[in-house]
Amino acid sequence: MNTLIEQILEAHGGLARWQSHDRLSAHLSQGGILWPLKGHGGKLDEVDVQVDLKQQWTSHAPFGAADRRTAVTPRRAVVETVDGQVVGLLDDPRASFAGFGLETPWSDLQLAYFVGYAMWNYLTLPFAFAEPGFGFEELPAWEENGERWHRLRVTYPDTIATHSRVQTFYVGADYKLRRHDYDVDINGGTPAVHYFSDYTTVDGIALPTRHRIHVRNPDGGHAPDPLVVSIAVGDVRFG
């Protein structure tokens, strides 16, 4: 394994400790312009999330109603009642976004798919890098906020639903994640810059509890407004 990747995994608690767990659950407080822009303002302001750490599966609850939840994999998005009755189902959800842009509204099932794959990606970083099929290239260092960050270009395998196949990660001197650049393919390729901060440690695993996402400029910078998505992560538990 790439030495830098090993240092990053160790700084976040170590791969062996991560692999001893099967699931992660947390409470999310979310904001930003994306949700009303897509026709779902307020739906996910306060929500619980569960992710499977052995395969890409995510569930959000409540989802639009107190008795509804989601079940999302790379190939299917489901909205169901809490007792398992299917309310809506979308196979091959990624194909449904063909031709979409930043301001194109999403259906409930498209929203479920987006937040499902996105939160699985965010909450499993950086340990997902140990899965088969990833490619890595270390880039020249980056200066930001008076700090010098390692920079890593990561190519994702086709088996993982994610924003874009090629993404760039920025890592501080302590080898913890600071920044994440990607293009949101299902949103017309919108360029995004995603900042991680306010780390906490749960069962020996270091996790950022604050996420801020902006539109990325061609020079790698961004304007402070609009804030596209904000996520505050709390009540993290492993199972």
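Above this text you will find the structure in question.
Residues numbered from 1 in each chain as written. Predicted model: local features only at pLDDT ≥ 70, side-chain atom pairs only at ≥ 80, totals over all residues. Heavy atoms only, no water.

Further remarks concern the overall build of the chain. Along the backbone of the chain there are four helices and 13 strands. Against the 2.2 N^0.38 benchmark of 18 Å for 239 residues, the chain shows a C-alpha radius of gyration of 17 Å, consistent with a compact globule. For the chain, the spread of C-alpha atoms along the principal axes amounts to about 45 × 40 × 30 Å. The proportion of buried residues among the 239 residues of the chain is 49%. Put simply, 48% of the contacts in the chain that link residues at least 6 apart link residues at least 24 apart. (Helix = DSSP H or I, 4+ residues; strand = E, 2+ residues; numbered from the N terminus. Rg over C-alpha atoms; globule rule 2.2 N^0.38 Å. Buried < 20%, exposed > 50% of the residue type's maximum accessible area, 1.4 Å probe, protein only. Contact = heavy atoms within 4.5 Å.)

Counted under the stated rule, the structure contains 13 salt bridges. One salt bridge in this structure joins D108 and K43, with 2.6 Å as the shortest N-O distance. In this pair, D108 sits in helix α4 (residues 108-124) while K43 sits in the loop between α3 (34-37) and β2 (46-52), placing the two residues 65 residues apart along the sequence. According to the relative accessible area criterion, D108 is partly exposed, its value standing at 38%. Given the relative accessible area of 23%, K43 is considered partly exposed. Where R76 meets D91, a salt bridge forms, and the shortest distance between an N and an O atom there is 2.6 Å. Placement of R76 in strand β5 (residues 76-81) and of D91 in strand β6 (residues 86-91) is noted, with a sequence separation of 15 residues between them. (Salt bridge = Lys/Arg side-chain N within 4 Å of Asp/Glu carboxyl O.)

In this section: the nonpolar core. By size, the foremost hydrophobic cluster in this structure holds 63 residues, and its most contacted members are L24 and F114. In terms of residue count, the dominant contributor to this core is α4 (twelve residues). Setting aside residues no more than four positions away along its own chain, F114 makes contact with L34, W35, W106, H163, V184 and I186. (Core = buried A, V, L, I, M, F, W, Y, C linked by side-chain atoms within 4.5 Å.)

Considering the arrangement of structural elements, one finds T81 in strand β5. Of the polar contacts made by the side chain of T81, one reaches the side chain of D83; its length is 2.2 Å. Excluding anything up to four places from it in sequence, T81 contacts D67, R68, R69 and V87. (Polar contact = N/O pair within 3.5 Å; in protein donor to acceptor, adjacent residues only side chain to side chain.)

This brings us to the packing of aromatic side chains. Centre-to-centre distance and the angle between the planes together describe a pair of aromatic rings. Tallied over the full model, the rule gives 16 aromatic pairs. The structure contains a cluster of three or more aromatic residues connected by ring pairs, namely W35, F97, F100, W106, Y113, F114 and Y117. The ring of Y199 carries the charged tip of K176 above its face, separated from the ring centre by 5.1 Å. Sitting above the plane of the Y170 ring, R179 keeps its charged end 4.5 Å from the centroid. (Phe/Tyr/Trp six-rings, centres within 6.5 Å; stacked < 30°, edge-to-face > 60°. Lys NZ or Arg CZ within 6 Å of the ring centre and 35° of its normal.)

Attention now goes to the side chain of T168. Checked against the element boundaries, T168 lands in strand β9 (residues 166-171). Since its relative accessible area comes to 14%, T168 is described here as buried. Setting aside chain neighbours within four positions, we find T168 in contact with L139, R151, L152, R153, R179, H180 and D181.

To continue, consider the pairing of strand β7 (residues 135-144). Sheet faces and side chains relate simply in a regular strand, where the side chains alternate between the two faces. With eight bridges connecting them, β7 and strand β8 (residues 147-155) associate as antiparallel partners. When the sheet's bridge partners are listed, E143 is paired in β8 with R148. Joining the antiparallel neighbours β7 and β8 is a turn of two residues, in which N145 adopts a positive phi near 55°. (Pairing = 2+ DSSP bridges.)

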